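These are the residues of each chain, in order.
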Amino acid sequence: MPSEEFESAASAFRRAGEDAVTHARRVAGNAKARNQRHHSENADLLKRSGRGTKSGDPTPGALRAAAERFRRARGLPVPAVPDPADSVPSRSQSAPRTPRPGEEDEDFSQMRILGRDR
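About the criteria used
- Residues numbered from 1 in each chain as written.
- Predicted model: local features only at pLDDT ≥ 70, side-chain atom pairs only at ≥ 80, totals over all residues.
- Heavy atoms only, no water.
- Helix = DSSP H or I, 4+ residues; strand = E, 2+ residues; numbered from the N terminus.
- Buried < 20%, exposed > 50% of the residue type's maximum accessible area, 1.4 Å probe, protein only.
- Expected span 1.5 Å × (residues − 1).
- Salt bridge = Lys/Arg side-chain N within 4 Å of Asp/Glu carboxyl O.
- pLDDT = per-residue confidence, 0-100.

**Remarks on the overall build of the protein chain**
Next, step 1: Counting its secondary structure elements, the protein chain contains three helices and zero strands.
Next, step 2: For the protein chain, the succession of helices and strands along the chain, N to C, is α-α-α.
Next, step 3: Burial analysis of the protein chain (118 residues in total) assigns 2% to the buried set.

**Topic: helix α2 (residues 60–73)**
Next, step 1: Under the 1.5 Å per step criterion, the end-to-end length of α2 is 20 Å for 14 residues, consistent within 8% with the ideal 20 Å.
Next, step 2: With its phi angle positive at about 75 degrees, Gly75 sits one or two positions after the end of α2.

**Looking at the pattern of salt bridges**
Next, step 1: Applying the stated rule across the entire model yields one salt bridge.
Next, step 2: The salt bridge involving Glu41 is made with Arg37; its shortest N-O contact spans 4.0 Å. Note that Glu41 and Arg37 are positioned in helix α1 (residues 4–49) at a spacing of four residues, about one turn of the helix.
Next, step 3: By relative accessible area, which is 40% here, Glu41 ends up partly exposed.
Next, step 4: Note on Arg37: relative accessible area 44%, which makes it partly exposed.

**Let's talk about the confidence of the model for the protein chain**
Next, step 1: Residues with a pLDDT of 70 or more make up 58% of the protein chain, whose mean pLDDT is 77.
Next, step 2: When mean pLDDT is compared element by element in the protein chain, α1 scores highest at 91, while helix α3 (residues 110–116) scores lowest at 65.

Printed below as a string of structure tokens:
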């Protein structure tokens, strides 16, 4: 027959476990509610700022003008608008790479490399 001390220890252990589960559920519920609140606040801020919609995206010219107004209002230097002729050509517009002298002779095929290691 188990002693009363053992039964009280077992019931105290069970009670502590139940309390821990209750606390964990409460904390998880609070975290979920806070997360949902932040998510809805962020969605509201995005709507008010006009971001998050494709139709409201500013054009590059509008962005540049806004940046210039910001810099001028704060007395910061405004960089000159780059000339499109000075821009770096895209990869498709650039000339193909010419091999260096002796580079054509190098054979980096897998069979040659594997055969060399034997």
